[in-house]
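Residue-level structure breakdown
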Number of protein chains: 2
Amino acid sequence: MRRIAFLLVWVGTMTGVAALMSSASGNADEAAAPFVTEKPAGYRDWKWIASAHEEGNLNSLGAVLGNPVAIKAYRAGTIPFPDGTILAALHYSAVPSEENNKIFGKAQSIVPGSPTNVPFMVKDSKKYAATGGWGFGHFNANGKPVDAAFMKPCFACHEQFRAHDLVFTQYAP
Amino acid sequence: MRRIAFLLVWVGTMTGVAALMSSASGNADEAAAPFVTEKPAGYRDWKWIASAHEEGNLNSLGAVLGNPVAIKAYRAGTIPFPDGTILAALHYSAVPSEENNKIFGKAQSIVPGSPTNVPFMVKDSKKYAATGGWGFGHFNANGKPVDAAFMKPCFACHEQFRAHDLVFTQYAP
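What counts, and where the lines are drawn
- Residues numbered from 1 in each chain as written.
- Chains lettered and ligands numbered in written order.
- Predicted model: local features only at pLDDT ≥ 70, side-chain atom pairs only at ≥ 80, totals over all residues.
- Heavy atoms only, no water.
- Helix = DSSP H or I, 4+ residues; strand = E, 2+ residues; numbered from the N terminus.
- Buried < 20%, exposed > 50% of the residue type's maximum accessible area, 1.4 Å probe, protein only.
- Contact = heavy atoms within 4.5 Å.
- Areas by Shrake-Rupley, 256 points an atom, 1.4 Å probe, with all protein chains shown as cover.
- Least-squares fit on C-alpha atoms with pLDDT ≥ 70 in both.
- Buried area = accessible area lost by both parts, 1.4 Å probe.
- Salt bridge = Lys/Arg side-chain N within 4 Å of Asp/Glu carboxyl O.
- Nonpolar A, V, L, I, M, F, W, Y, C, P; charged D, E, K, R; others polar.
- Phe/Tyr/Trp six-rings, centres within 6.5 Å; stacked < 30°, edge-to-face > 60°.
- Core = buried A, V, L, I, M, F, W, Y, C linked by side-chain atoms within 4.5 Å.
- Pairing = 2+ DSSP bridges.

Considerations on the overall build of chain A
For chain A, the count of helices and strands is six helices and five strands. Ordered by position from the N terminus, the helices and strands of chain A form the series α-α-β-β-α-β-α-β-β-α-α. The buried share among the 173 residues of chain A stands at 55%. Excluding contacts between residues fewer than 6 apart, the proportion of contacts in chain A whose partners are at least 24 apart in sequence is 61%. Here chain A displays about 7000 Å² of accessible surface, and carbon together with sulfur accounts for 55% of that area.

Next comes the structure, spelled out in structure tokens:
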């Protein structure tokens, strides 16, 4: 399996992983690490990097979009990603399309339902030095950011993907 | 269920539907209807409309991207889509990510695998008058277009979505 893609793990909905990570890490520096509290502007206009579907409890269908710095880096295979890179993971509930399935004659079509959340990764190697140079952010469907406790496990989980500069999602050609 | 999204039904892989449609239609005009034989340029840079996952035999994960005319029409709710609209459905095999699942501690992550095909819909109400104003196209992973017989059922299936101007995919906000 050559692709490992995925999606700026959004921790709040991943309670199992979150609990695991926070119990495994949790020093004072990390508790104070800054995270992204303002939604980057214009992200819905960014280019598509890849889609992802999460089964089970997450039950999510979404896409990762990237700003111009991100797209250039992905296409050039630049690792680590340069400062200025921003990744946005647009998540929706994954719902069966009854209308499509009726036409297809079987239950197969899964489409985006209601928006659930939008996590971000913002590369700024100075500002976010405590979390691998990445600022993590997570905004609920109402546009509001989550709190620091919610964000704490992000880095500990993403840190496991050092070879990809902490980014799970791979570019779909 | 308020969303019905889906994806420029790509007929070749949908043998059941295709067979159904061609037996239900199949007049001489339709057999001669033009379809898209040149891949629209630059589509990988277009904006994201929505993602879709097809289970079962299709086993597909992909995204629909639209050119600027398409995006403007979607956002304004313009139906029918104006001439110049182009939609591209980038399809990949849907594969589990073993690396992600290992981190998550369970099998839940489905990501894009190998590219499979890219169907297009091109709106030109004169050129494609015989097929509802849409030119349908379908390019395999090698970049080559399919033949006329393959394309014949496209219109008959899409025609069932008159209320959406023959377009299955809805815009993910």
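That covers the picture; the talk isn't over yet.
What to know about the relation of the copies chain A and chain B
Superposing chain A onto chain B requires a rotation of 180 degrees together with a translation of 0.0 Å along the rotation axis, leaving an RMSD of 0.0 Å. Taken together, these values place the two copies in the relation of a two-fold axis. Residue by residue, 100% of the interface of chain A is reproduced at the interface of chain B, so both copies engage with the same surface.

Quick look at the interface of chain A and chain B
Counting residues at the interface gives 54 residues for chain A, matched by 54 residues for chain B. Across the chain A to chain B interface the summed buried area is about 4500 Å²; carbon plus sulfur atoms make up 56%. Broken down residue by residue, the surface that chain A buries against chain B is led by A:Arg44, A:Trp48 and A:Ile103, which jointly contribute 15%. Here chain A and chain B share four salt bridges between them. Between B:Lys47 and A:Asp45 there is a salt bridge whose closest N-O contact spans 3.4 Å. Per-element accounting of the side of chain A that touches chain B gives the leading share, eight residues, to strand S1 (residues 47-54) of chain A. Of the residues contributing to the side of chain A that touches chain B, the split by class is 31 nonpolar, twelve polar and eleven charged.

Quick look at the packing of aromatic side chains
By the definition in use, this model includes 18 aromatic pairs over all chains. Ring centres of B:Tyr43 and B:Phe120 lie 5.1 Å apart, and the angle between their planes is 85 degrees; on these two criteria the pair is classed as edge-to-face. With B:Tyr43 in the loop between helix H2 (28-32) and strand S1 (47-54) and B:Phe120 in strand S4 (residues 109-123), this residue pair connects regions lying 77 residues apart in the sequence. Accessibility assignment for this pair places B:Tyr43 and B:Phe120 in one class, buried. Grouping aromatic residues by their ring pairs yields a cluster made of A:Tyr43, A:Trp46, A:Phe120 and A:Phe139.

Some words on the nonpolar core
Residues A:Trp48, A:Leu87, B:Trp48 and B:Leu87 are the most contacted members of the largest nonpolar core, which totals 74 residues. In this structure, A:Leu61, A:Ile110, B:Leu61 and B:Ala94 belong to the second largest nonpolar core, which totals six residues.

Observations concerning the pairing of strand S2 (residues 60-66) of chain B
All names here are of chain B. Counting buried positions along S2 gives seven out of seven residues, so the element sits mostly inside the fold. A two-sided burial pattern is seen for S2, the buried positions comprising Ser-60, Gly-62, Val-64 and Gly-66 on one face and Leu-61, Ala-63 and Leu-65 on the other. Pairing of S1 with S2, which is carried by seven bridges, proceeds in the antiparallel orientation. Note on S2: the bridge partner recorded for Trp-48 is Leu-65. Hairpin connection from S1 to S2: five residues lie between these consecutive antiparallel strands, with Gly-56 at a positive phi of about 70 degrees.

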